[in-house]
Structures are given as C-alpha cells and as structure tokens.
Amino acid sequence: NLARGGDRAFGLRYALRKWVEIDVRGALSWAVALQDRKDRDGVLAALFDAWAKQDPSAAAGGLDSVTAFAGKDLAMATITYYWARLDLDGATRWLWQQPRGPGLTYAMANLARYVYEENRASANAWVKSFPLGYTNDARLGKIASALSEGATNDSLSLVASLPGGGDMPVSLQILLANWGR
C-alpha cells in the first residue's frame, strides 16, 4: 500500500507495463475495475501506451471496449501513431468507425503527419479512401492548414478531382495539393 503521489503512480504504471507483456487482457480487466477514477485513468493510459507498441490493432479493440476513461482521446491518438506505421489502411478504417470528436481529430492528425512526412507516395490513395463527408470536416481542415506549406495551381486542379474536391476547406485542398506534388 503506497500513499498517494508520485511513487504510487510510478509503481502502478511500472507493474502494469510488465503485466501487459504477459497478460494484456488480465491487465485491462484489472485496470477497468479500479475504483479510484484517477488511478484507473492513469493506469489505463499506461496500459494503452504499452499495448499500442506491442499490437496496435488489438489495443484498438481493447480501447473500443472501455467506456469510462478520461484519456480515451489521447489513447486513440497513440494507438493510431503506432498502427499507421504497420498498417495505414487498417488504422484509417478503425478511425472511420470512431465517433467524431477530439479523439478522432488527434488520431487523424497523427495519420496526416505520418502520411505527409513518411509516405507521400500513398497520400492520394489515402485521401481518396475517406468516407463521403469527411473531406468537408472542419477539424480535418485545421489539421491540413497546420501541415500545408503552399501549393501550385496544377496541384490544386488535381485536388478538385478528388471526392468532395472543390467543396473541401481551402486549407485541406492546399495540403492535398502539396501531397500531390
């Protein structure tokens, strides 16, 4: 029994990370059952961070099963970060099943950065895989704006041919045009 504070939090997270290596489902069951909300949220954050590094697809399924977790949005982004590096299409499909909100925005930002920085060749195909309506999403426009650096007219005409083309927020059009170069 450790008193509240840094040592207790460190001890819980350390033990949990070791447990995740051996029996992640058992660790998840234990974490979800913790009565103290602050302990539960801290332990779940550590669990999903460790699990995402091992098996992001399974971690995504685990996250989908957890309801009361204040760090769920950040966990979604962490899972997406690791999953995109292994399977961009799988990570993207999972995200389209998530409710719109901050978690989806954080996770999409991770995917967009990954595609933009590491995998530009697949950017057009990735954007074309967006479900109808997502290319008009204001949050994605903000992400695009943060990542864009300017575009040429030729690249902008390419973007106009994508689903939702000219109806996309201008900042998203610019980002996609940069990818198209």
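In the block above lies the structure referred to throughout.
To keep things clear, this report deals only with the structure shown in the data block.

What follows covers the packing of helix α2 (residues 37-54) against helix α3 (residues 56-64). When two helices pack together, you describe them by how their axes are tilted relative to each other and by the distance separating the axes. Look at α2 against α3: their axes get within 6 Å of each other, and the N-to-C directions meet at 145°. Of the residues in α3, those touching α2 at Phe48, Trp51, Ala52 and Gln54 are Pro56, Ala58, Ala59, Gly62 and Leu63. Residues of the contact of α2 with α3, tallied by class, amount to seven nonpolar, two polar and no charged.

So, about the environment of Asp49. The residue Asp49 is located in helix α2 in this model. Distance from Asp49 to Ile79, taken between C-alpha atoms, is 7.3 Å for residues 30 residues apart in sequence. Apart from the residues within four sequence positions on either side, Asp49 is in contact with Arg17 and Thr78. At 3.3 Å, the side chain of Asp49 forms a polar contact with the side chain of Lys53.

What follows covers helix α6 (residues 102-118). Under the 1.5 Å per step criterion, the end-to-end length of α6 is 24 Å for 17 residues, consistent within 8% with the ideal 24 Å. Buried residues of α6: Gly103, Leu104, Thr105, Ala107, Met108, Ala109, Asn110, Leu111, Ala112, Tyr114, Val115 and Tyr116, and no others.

Turning next to the nonpolar core. Leu47, Phe48 and Ile79 are the most contacted members of the largest nonpolar core, which has 37 residues in total. Breaking this core down by element, the ones donating at least two residues are α1 (6-33), α2, α3, α4 (72-86), α5 (88-96) and α6.

Within the element layout of this structure, Ala112 appears in helix α6. As a C-alpha pair, Ala112 and Ala84 span 28 residues in sequence and 9.8 Å in three-dimensional space.

The next point concerns the packing of α5 against α6. Where α5 meets α6, the axes come as close as 11 Å, and the angle between the chain directions of the two elements is 160°. The angle between the axes of α5 and α6 places the two elements in the roughly antiparallel class. The handedness of the crossing between α5 and α6 is left-handed. For the pair α5 and α6, the contacting residues are Leu88, Ala91, Thr92, Leu95 and Trp96 in the first and Leu104, Ala107, Met108, Leu111, Tyr114 and Val115 in the second.

Before going further, it helps to examine α4. The first and last C-alpha atoms of α4 sit 21 Å apart over 15 residues, in line with the 21 Å expected at 1.5 Å per residue. Elements in contact with the buried residues of α4: α2, α3, α5 and α6.

Next up on the list: the environment of Ala9. Mapped onto the fold, Ala9 is located in helix α1. Classification of Ala9 by relative accessible area gives partly exposed; the value is 25%. Between the alpha carbons of Ala9 and Gly42 there is a distance of 7.6 Å; along the sequence they are 33 residues apart.

The rules behind each value
- Residues numbered from 1 in each chain as written.
- Predicted model: local features only at pLDDT ≥ 70, side-chain atom pairs only at ≥ 80, totals over all residues.
- Heavy atoms only, no water.
- Axes fitted to C-alpha atoms, helices over the stretch in contact; angles between N-to-C directions.
- Helix = DSSP H or I, 4+ residues; strand = E, 2+ residues; numbered from the N terminus.
- Contact = heavy atoms within 4.5 Å.
- Nonpolar A, V, L, I, M, F, W, Y, C, P; charged D, E, K, R; others polar.
- Polar contact = N/O pair within 3.5 Å; in protein donor to acceptor, adjacent residues only side chain to side chain.
- Expected span 1.5 Å × (residues − 1).
- Buried < 20%, exposed > 50% of the residue type's maximum accessible area, 1.4 Å probe, protein only.
- Core = buried A, V, L, I, M, F, W, Y, C linked by side-chain atoms within 4.5 Å.
- Parallel < 35°, antiparallel > 145°, perpendicular 65-115°, else oblique.
- Left-handed = near helix turned anticlockwise from the far one by under 90°.

Function cannot be inferred from these measures alone, as they are strictly geometric.
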